[in-house]
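As a plain string of letters, each chain reads:
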There are 4 protein chains.
Amino acid sequence: MRLSKKYLSHVVFESNDSVSRGFDVVLLILIFGSVTIAVLDSVQSLHETYGSIFYSLEIGFTLLFTLEYLLRVWLTSKTWKYVLSFYGLVDLLAILPVFLSFFVANTQLLSVIRALRLLRIIRVLKLGRYLSEANFIRDSLRSSAPKIQIFLFSVLTIVLVMGTLMFVIEGPQHGFTSIPVSMYWAIVTLTTVGFGDITPSTPLGQFFASVIMLLGYAIIAVPTGIVTSEMSKRKKPDDFDSLKTCTNCGFDHLEQGDKYCRKCGGSV
Amino acid sequence: MRLSKKYLSHVVFESNDSVSRGFDVVLLILIFGSVTIAVLDSVQSLHETYGSIFYSLEIGFTLLFTLEYLLRVWLTSKTWKYVLSFYGLVDLLAILPVFLSFFVANTQLLSVIRALRLLRIIRVLKLGRYLSEANFIRDSLRSSAPKIQIFLFSVLTIVLVMGTLMFVIEGPQHGFTSIPVSMYWAIVTLTTVGFGDITPSTPLGQFFASVIMLLGYAIIAVPTGIVTSEMSKRKKPDDFDSLKTCTNCGFDHLEQGDKYCRKCGGSV
Amino acid sequence: MRLSKKYLSHVVFESNDSVSRGFDVVLLILIFGSVTIAVLDSVQSLHETYGSIFYSLEIGFTLLFTLEYLLRVWLTSKTWKYVLSFYGLVDLLAILPVFLSFFVANTQLLSVIRALRLLRIIRVLKLGRYLSEANFIRDSLRSSAPKIQIFLFSVLTIVLVMGTLMFVIEGPQHGFTSIPVSMYWAIVTLTTVGFGDITPSTPLGQFFASVIMLLGYAIIAVPTGIVTSEMSKRKKPDDFDSLKTCTNCGFDHLEQGDKYCRKCGGSV
Amino acid sequence: MRLSKKYLSHVVFESNDSVSRGFDVVLLILIFGSVTIAVLDSVQSLHETYGSIFYSLEIGFTLLFTLEYLLRVWLTSKTWKYVLSFYGLVDLLAILPVFLSFFVANTQLLSVIRALRLLRIIRVLKLGRYLSEANFIRDSLRSSAPKIQIFLFSVLTIVLVMGTLMFVIEGPQHGFTSIPVSMYWAIVTLTTVGFGDITPSTPLGQFFASVIMLLGYAIIAVPTGIVTSEMSKRKKPDDFDSLKTCTNCGFDHLEQGDKYCRKCGGSV
């Protein structure tokens, strides 16, 4: 029994062989299935026609998730640590709303909690751990993070200054009802989204809006530059074509100009 | 006759000399001509004035395409394989609607099928096979594909989570009628398109919309970074044209202006 | 007199010393002045108040441009070649409308021709010839041009296919009145501009719109990648920090690893 | 007392130890606090409920800023130079409006001046001087500045030409009331913001709008390319942290994992 539990634990928590990866794939399908049901159920016309089928499927998915939750609780050696962990709470929240719906009638609140089931996707994204491509993007973004943060801070300062300016220039009569709303407009404009729900009407407002747009158009270059230069730097190790192998020790990261192996010191 | 058939086959299916390339160019002009007619015919006022001319031209183009289709069927050794292939079906669909229009009266459906004629452009794009520039872009995108796919998967996860969140926050009374519609809005916002047909009205909705916009503004850097670093890497082999080899020691990274080898000091 | 004509010719047509550059700067100010007048005169309220002042200034600018035009005609040895050249015609068009306005009363047509005066800015942009920064951008774009063209061709193919598709799906009742209008909408969407004057209403239309948006979001990476990799390549000569100077002949483009000078062959 | 003044001066004007940095952080919190109050106070509903609390806090912040201003005046050796400097005036403007509000009743004008308090954030951004990340972005942008300026100049020329063209094509009856408004529209379109408050209605106008959009979509590559290639160049010196020097021959490009020198073969 101990070996079986150890094996099950391996299947459920890791994903480095075909069985454990299969478990993750099944879980992924279940999560996407349950999320798809929730998405379709939100369409009024579909809800009226297939509402009961959706409900049955929902119950089915929830039972499977409950089984999985109980399995995880049983398998972990430090049960409480898992239950109170981020993943543990997310797993609990994924099944709780349906059980609560038997007692509570407030469906609006329940759908809010049920939406949290989407967070479970994060767990499944650990599958990506074995995809070097995903790692590449994640690592590039992680090492770009401090620069991106400073960039976002600068953007928010511009948004604050420009939002206040536009609030003063255009005023509530042209839709800029308060500084927070003006800041919302400044973000809409600076990021080049441009909904058009609020637009400047006065010549001075249009002039400053133009400045913000050109600014946004120019500074989009900054995050792009940061990530690109980070990715270009990371790219190098892939250039195996430009590397040669040491004939003594087999170390295969020597550069073309190297005369001695970096690992064993032998002449190349 | 056998030689003639072989020659015709070469002209129709390949494009590596002036005659076969000429055939492709004529085909390209015919496709663009027929597509232009279809585009102009969709304008109500032009249809009323020139409708009959458009119809005659349409018949003419269709006859030429039919001739070409029969030629291809006759020339291919494995006829059924061609007829059932992707290109074969596209070629058939390009001529079928006009013939069907003699029997069927549903013009709306016919125009749907006729629109598929546009797919024939793909066949002509094989002309690009000989344009190294097109190859450069295609290759860069192909090797970026796995990273771009993961990026799109992450974007869709964000869209799913944010769409659900906005549906819960704003609700049907502010235009977010269902989760699919909210997801459509999230894509409109994240990609910085910003139609403005649906916009958040509540302060909380505007706050989360701002988060999505800033997110979209920052993560546009990711595909750009991926493609750019891919293209920068690919760029290098092209530079070999500008390099020359030392005749003494064989060092092959000399630049065109160099008079002496950098490695052995010998005159080049 | 001949020397004076030669000197004047140098001042008017070249810009490599302070006097000839001063002439270009004065011309630049005059062009911007006349353009600013035209811009301000188009505002109804300003036209009503300052219309007559604008008109006087307009006459003044035109006289100066006429003087300059006659000077150019007199100075060029091959007069007809200049008069019929692109610049010659632009220079003529810059002064013609005002003279025509004495005879013709159609002001709408005249303002169209007067707008062409803006093309004169191109001539003054030759000032940039001496700005290495402008050259850098121009050269990068010029060598990116074939790739950008192929990119634009692909974009237009997507626009054609997607425009037809959306015309068929949404139809005239939702604002997609014809294929050209649908193509206009597809460009608005693909380039992430998103005016919102035409928006999809049907679920299928919104789905395909989402596809176009994500496509546009992803392929923005292509022109960026092209130009960036072109600029990065061009950047290299600027890296003077990583270069060393030959102690024998003074050649200053040696790389750190070089043991012999590329120009004189001396040991470094 | 002299030493104390010198110490205080160090704390207030510099930020290279924990005490002086602490002073900057406190200042940052105060500025953000006062700005947050101003932002929230602009919301009508919050103003009505918490108006008096906001006012008290405002007075408190102003007193602290006044204290800080007097401290700075007292500490600087060249008092008038500070008072009349950019920072001196910004510091004065940050406190003046509240004192003026005791005498003047025009709150609209006062809120304009009070908005200038936001400029104080710039002073605090000197904190960033010690953040190498912020320096990296600032330096990259600074050395990109001349190219970005030329780019913006080109963009404005396009905006001028396209604005005039659209004014002539669409005219006041379709919302393009004057050339300045048309230029505002051209900026909205070229930067891919696309509010949709003004949109072309005529086929010719939609055609030229499409050209502007494709142009804007393609030239976004230019600032991105400039900044990215600048950042990629700058990246290199940062990598020195990860390199070590050979103790035998002094070759200083060894990587952390290397055991033998690549140049002399000696053990490291």
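Residues numbered from 1 in each chain as written. Chains lettered and ligands numbered in written order. Predicted model: local features only at pLDDT ≥ 70, side-chain atom pairs only at ≥ 80, totals over all residues. Heavy atoms only, no water.

A. Representation of the environment of Leu 92 of chain D within the structure. All names here are of chain D. Relative to the helices and strands, Leu 92 resides in helix 5 (residues 86-100). Judged by relative accessible area, which is 26%, Leu 92 ranks as partly exposed. Counting along the chain gives 26 residues from Leu 92 to Thr 66, while the straight-line C-alpha distance between them is 8.3 Å. (Helix = DSSP H or I, 4+ residues; strand = E, 2+ residues; numbered from the N terminus. Buried < 20%, exposed > 50% of the residue type's maximum accessible area, 1.4 Å probe, protein only.)

B. Spotlight on the UniProt feature "transmembrane region" (unreviewed entry) in chain A. Residues and elements named next belong to chain A. Here, the residues flagged by UniProt with the feature "transmembrane region" (unreviewed entry) are residues 21-40, 52-71, 83-105, 148-169, 176-195 and 207-227. Across residues 21-40 one finds 100% helix and 0% strand; the C-alpha atoms that close the span lie 28 Å apart. Along residues 52-71 the backbone is 100% helical and 0% strand, and the end-to-end C-alpha distance reaches 29 Å. (UniProt positions renumbered as here; feature names shortened; annotations may be inferred.)

C. Quick peek at the environment of Ser 4 of chain A. Residues and elements named next belong to chain A. Within the secondary structure, Ser 4 sits in helix 1 (residues 2-13). A residue is classified by how much of its surface remains accessible, and Ser 4, at 35% relative accessible area, is partly exposed. Sequence-wise, Ser 4 and Val 188 are 184 residues apart; in three dimensions their C-alpha atoms are separated by 56 Å.

D. Molecular detail of the pattern of salt bridges. All names here are of chain A. Scanning the model with the defined rule gives 8 salt bridges over all chains in all. We note a salt bridge from Arg 72 to Asp 91, for which the minimum N-O separation is 3.9 Å. Note that Arg 72 is positioned in helix 3 (residues 44-75) and Asp 91 in helix 5 (residues 86-100), a separation of 19 residues in sequence. Take Asp 91: its relative accessible area is 3%, and that puts it in the buried class. Salt bridges sharing partners connect three or more residues here, namely Glu 68, Arg 72 and Asp 91. (Salt bridge = Lys/Arg side-chain N within 4 Å of Asp/Glu carboxyl O.)

E. Main features of the packing of helix 9 (residues 179-190) of chain A against helix 10 (residues 203-219) of chain B. Packing of helix 9 of chain A against helix 10 of chain B leaves a shortest axis separation of 9 Å and a crossing angle of 25°. As judged from the angle between their axes, helix 9 of chain A and helix 10 of chain B are roughly parallel. Considering only the axes of helix 9 of chain A and helix 10 of chain B, their crossing is left-handed. Of the residues in helix 10 of chain B, those in contact with Val 181, Tyr 184, Ile 187, Val 188 and Leu 190 of chain A of helix 9 of chain A are Gln 206, Ala 209, Ser 210, Met 213, Leu 214 and Tyr 217 of chain B. Along the lines of polarity and charge, the residues of the contact of helix 9 of chain A with helix 10 of chain B split into 9 nonpolar, 2 polar and no charged. (Axes fitted to C-alpha atoms, helices over the stretch in contact; angles between N-to-C directions. Parallel < 35°, antiparallel > 145°, perpendicular 65-115°, else oblique. Left-handed = near helix turned anticlockwise from the far one by under 90°. Contact = heavy atoms within 4.5 Å. Nonpolar A, V, L, I, M, F, W, Y, C, P; charged D, E, K, R; others polar.)

F. Representation of helix 5 of chain D in the model. Residue and element names in this part refer to chain D. Here helix 5 spans 21 Å end to end across 15 residues, near enough to the 21 Å set by a 1.5 Å rise per residue. Helix geometry: helix 5 is bent most strongly at Ala 94, by close to 30°, with proline Pro 97 lying one to four residues after it. Among the residues of helix 5, those classed as buried are Gly 88, Val 90, Asp 91, Ala 94, Ile 95, Pro 97 and Val 98. (Expected span 1.5 Å × (residues − 1). Bend = angle between axes of the 7 residues up to and from the residue.)

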